[in-house]
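# Report on the structure
The lines below spell out each chain.
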Amino acid sequence: MSTSLRLEPITPANVDAALALRVRPDQEGLVSPVVKSLAEAYAYGDTAWPRLLLDGEEPVGFVMAFFDIRFHPDQPGDRPRSGLWRLNISADAQTRGYGRFAVEQVCEEVRRRGGTRVTVTFVPGDHGPAGFYERLGFRLTGELSGDQVVAERELAAG
């Protein structure tokens, strides 16, 4: 993994590069394409935090975080959550640490905003990301969000 990794806001200068990112074919049913993420980011405004992942000048992924969303606002005790909404690592860039970097950057942003835990939801299954998130310290909560399982990671004070 390169030392020149960074996340950049989506701008007119890099939106086409973000839209061109494609995950592996066996992952297409597990994560929405970047175009849907950008539409959701537009619709949800300040709640969404979309970023292009660059290695030097090469786009290698896309990540989008969410902040202060209630999953079940009609249920007593539902609390606002922040975390990872979407993670797309380009098919030819996987297994190089880019996903880990993106997740850690989301964790840092949640911590910077005063959060103490990070939430992620994902589609369970054979080709799904359960093992990846488990290795990063996420633990299943036993909840569902639609057809996705919910996992959380406590953040160390920083």
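Notes on the structure follow. Note that this is a predicted model, so its numbers are computed, not measured. (Residues numbered from 1 in each chain as written. Predicted model: local features only at pLDDT ≥ 70, side-chain atom pairs only at ≥ 80, totals over all residues. Heavy atoms only, no water.)

## Structural notes on the nonpolar core
Grouped together as the largest cluster of nonpolar side chains are 28 residues, with contacts concentrated most on Leu53, Leu84, Leu87, Val103, Tyr133 and Phe138. Every element with two or more residues in this core is listed here: strand 1 (5-9), strand 2 (48-55), strand 3 (58-69), strand 4 (81-89), helix 3 (98-112), strand 5 (117-122) and strand 7 (148-154). Per element, the largest residue contribution to this core is seven residues, and it comes from helix 3. If near-sequence neighbours (up to four positions away) are discounted, Leu84 is found in contact with Val63, Met64, Ala65, Phe66, Val103, Val106, Val118, Thr119, Val120, Thr121 and Tyr133. Listed in part, the ten residues of the second largest apolar core include Leu38, Ala41, Ala48 and Leu52. (Core = buried A, V, L, I, M, F, W, Y, C linked by side-chain atoms within 4.5 Å. Buried < 20%, exposed > 50% of the residue type's maximum accessible area, 1.4 Å probe, protein only. Helix = DSSP H or I, 4+ residues; strand = E, 2+ residues; numbered from the N terminus. Contact = heavy atoms within 4.5 Å.)

## Notes on helix 2 (residues 34-44)
For helix 2, the full list of buried residues reads Val34, Ser37, Leu38, Glu40 and Ala41. Projected onto a plane normal to the axis of helix 2, the buried residues spread over an arc of 160° and lie on a single side. Seen from the buried face of helix 2, the exposed residues on the opposite side, beyond 90 degrees, are Val35, Tyr42 and Ala43. The inward-facing, buried residues of helix 2 abut helix 1 (15-19), strand 2, strand 3 and strand 4. Taken from the residues just after helix 2, Gly45 is the one with a positive phi, measuring 55°. (Arc of directions from axis to C-beta.)

## Structural notes on the packing of aromatic side chains
Applying the stated criterion to the full structure yields six aromatic pairs. With 6.1 Å between their ring centres and 40° between their planes, Phe66 and Phe71 make a pair best called tilted. On the basis of relative accessibility, which here comes to 6%, the residue Phe66 falls in the buried class. For the ring pair Tyr133 and Phe138, a centre distance of 5.6 Å and an interplane angle of 80° mean the geometry is edge-to-face. (Phe/Tyr/Trp six-rings, centres within 6.5 Å; stacked < 30°, edge-to-face > 60°.)

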